[in-house]
Amino acid sequence: ADYAFGQLTGTLYDAIWGEYCDWALELAKVRLAADALPAADREATWWTLVEALDTYLRLLHPVMPFLTEAIWGQLPKAPGDPGLLVVADWPAAGTADLAVEADTAALLDLVRAVRNARSEAKVDPTAWLAVDAAVPAPLAPAFDALRPALERLGRARPLRRVDDPGRLHPTPAGGLAVVAGEIEAVVHPAATADPGAAGRDRARLEKELTETEGLLASARARLADERFTSKAPPAVVEGARTREAELAERAEKLRARLAG
């Protein structure tokens, strides 16, 4: 309505690349290739991808008309859809399962953290390594449901779930400690592990702790500013308090890992 086309395209770019391509397609590949999964479930996964792409094309059409028209012409159509995207209905806002989205986001954060730890330690990106993850009870059902996809995305095999972070024990040869929100994990080294990996892993954790402490200090300074807490909308202030608590918890976990 405000003709903010730059904001529109930036938001769609982030969503299509960062959500649909980077994660949704990769998660779907595992389900579509799972012969043990009922055919109806695999078909539902396929149609979910189609419907999401259909929606993205409708949203992107005003700023990218020709390419979106060509792609949309190849998609299956719903009853009542016109022959051309240019006259198709604008998508209506739907409802989202916020709990499922939050659980999935937390587990994908684990994948990112595992990938980052492996990269910083210069681990062979093609190697499959065992990973133990301490997952809070509320996240356990989602973890178990997505385990095959998490294994593939994190090159983690086997990916084992433990209930208590105290049960995370690196092997005698060491291991990469990972902290991702409420989840803690250990990536166990391969038999031919790089002897310098442990030092790089500690440096990575120290760097993460320094960054987290800096963000925590900024968050606390913001909350200590009476102008912010008295004038900002209550939802914004509450979000800042939640963020401060999350950063404090992450810093505590990182210190514990470094002390161990």
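The preceding data block contains the structure.
Residues numbered from 1 in each chain as written. Predicted model: local features only at pLDDT ≥ 70, side-chain atom pairs only at ≥ 80, totals over all residues. Heavy atoms only, no water.

**Student:** Even after reading the chapter, I still don't get the packing of helix α1 (residues 5–32) against helix α2 (residues 39–60), so can you show me in this structure?
**Tutor:** A pair of packed helices is captured by two measures, namely the crossing angle of their axes and the spacing between those axes. It is the contact of α1 with α2, at a shortest axis distance of 11 Å, that shows an interaxial angle of 170 degrees. Compared by their axis directions, α1 and α2 come out roughly antiparallel. Only Asp41, Arg42, Thr45, Trp46, Leu49, Ala52, Leu53, Tyr56, Leu59 and Leu60 of α2 make contact with α1, whose side of the interface consists of Leu8, Leu12, Ala15, Ile16, Glu19, Tyr20, Ala24, Leu25, Ala28, Arg31 and Leu32. Looking at the contact of α1 with α2 residue by residue, the class counts come to 16 nonpolar, 1 polar and 4 charged. (Axes fitted to C-alpha atoms, helices over the stretch in contact; angles between N-to-C directions. Helix = DSSP H or I, 4+ residues; strand = E, 2+ residues; numbered from the N terminus. Parallel < 35°, antiparallel > 145°, perpendicular 65-115°, else oblique. Contact = heavy atoms within 4.5 Å. Nonpolar A, V, L, I, M, F, W, Y, C, P; charged D, E, K, R; others polar.)

**Student:** Just checking my understanding: could you explain the nonpolar core for this structure?
**Tutor:** In this structure, Leu110, Ala133, Phe143, Val178, Ile183 and Val187 are the most contacted members of the largest nonpolar core, which totals 30 residues. When contributions to this core are tallied by element, the ones reaching two or more residues are α1, α4 (98–120), β1 (129–134), α5 (140–154), β2 (156–162), β3 (176–180) and β4 (183–187). With 7 residues, the top contributor of residues to this core is α4. Beyond its immediate stretch of four places on either side in the chain, Ile183 contacts Ala106, Leu107, Leu110, Ala133, Ala134, Val135, Pro136, Leu139, Val178 and Lys253. (Core = buried A, V, L, I, M, F, W, Y, C linked by side-chain atoms within 4.5 Å. Buried < 20%, exposed > 50% of the residue type's maximum accessible area, 1.4 Å probe, protein only.)

**Student:** Which parts of the structure should I look at to understand the sheet that holds β4?
**Tutor:** Where strands meet in a sheet, backbone hydrogen bonds hold them as pairs that are either parallel or antiparallel. A sheet is described by the order of its strands in space; here 4 strands give the open sequence β2-β1-β4-β3, paired in mixed fashion. At either end of the open sheet lies a strand with only one pairing partner, and these are β2 and β3. Going from strand to strand, the sheet's axes swing by 20 degrees on average, the running direction of each strand aside. Note that β1 and β2 share 5 bridges and pair parallel. Counterpart to Ala133 in the pairing with β2 is Arg161. Packed on one face of the sheet, α5 meets β1 and β2 and runs near 160 degrees to β2. Running at roughly 170 degrees to β3, helix α8 (residues 234–259) makes contact with β3 and β4 of the sheet. (Pairing = 2+ DSSP bridges.)

**Student:** Looking at this structure, how should I read the pattern of salt bridges?
**Tutor:** Pairing between side chains of opposite charge can happen when the charged atoms of each approach one another. Scanning the entire structure with this criterion turns up 13 salt bridges. Residue Asp81 pairs with Arg58 through a salt bridge whose shortest N-O separation is 3.3 Å. Residue Asp81 is found in the loop between α3 (65–72) and α4, and its partner Arg58 is found in helix α2; the two are separated by 23 residues along the sequence. A residue is classified by how much of its surface remains accessible, and Arg58, at 11% relative accessible area, is buried. For Arg161, the salt bridge is made with Asp144, and the minimal N-O distance between the two is 2.9 Å. Taken as a pair, Arg161 in strand β2 and Asp144 in helix α5 lie far apart in primary sequence, 17 residues in all. Asp144 gets classed as partly exposed once you look at its relative accessible area, which sits at 32%. Here the salt bridges share partners, and the residues they tie into one network are Asp144, Arg147, Arg161 and Asp163. (Salt bridge = Lys/Arg side-chain N within 4 Å of Asp/Glu carboxyl O.)

**Student:** Honestly, the packing of aromatic side chains in this entry has me stumped. Any pointers?
**Tutor:** Geometry of an aromatic ring pair is reported as the spacing of the ring centres plus the angle between the planes. One pass over the structure, following the stated rule, counts 3 aromatic pairs. Judged by centre distance (5.7 Å) and plane angle (75 degrees), the ring pair of Tyr20 and Tyr56 falls under edge-to-face. In this pair, Tyr20 is assigned in helix α1 and Tyr56 in helix α2, connecting sequence segments 36 residues apart. Look at Tyr56 and you get buried, because its relative accessible area is 17%. Here the guanidinium or amino end of Lys77 rests over the ring plane of Trp72, the centre of that ring lying 4.5 Å away. Over the aromatic face of Trp128 sits the side chain of Arg157, whose NZ or CZ is 3.9 Å from the ring centroid. (Phe/Tyr/Trp six-rings, centres within 6.5 Å; stacked < 30°, edge-to-face > 60°. Lys NZ or Arg CZ within 6 Å of the ring centre and 35° of its normal.)

**Student:** Explain a nonpolar patch on the surface here, please?
**Tutor:** Nonpolar side chains collect at one region of the surface, where Tyr3, Phe5, Val63, Met64, Leu67 and Ile71 lie side by side and expose about 570 Å² of accessible area between them. In this structure, Phe5 sits in helix α1. Owing to a relative accessible area of 42%, Phe5 belongs among the partly exposed residues under this scheme. (Patch = residues over 30% accessible without salt bridge, like charges linked within 9 Å, V, L, I, M, F, W, Y side chains within 5 Å. Areas by Shrake-Rupley, 256 points an atom, 1.4 Å probe, with all protein chains shown as cover.)

Spatial relationships are all this shows, so hold off on functional conclusions.
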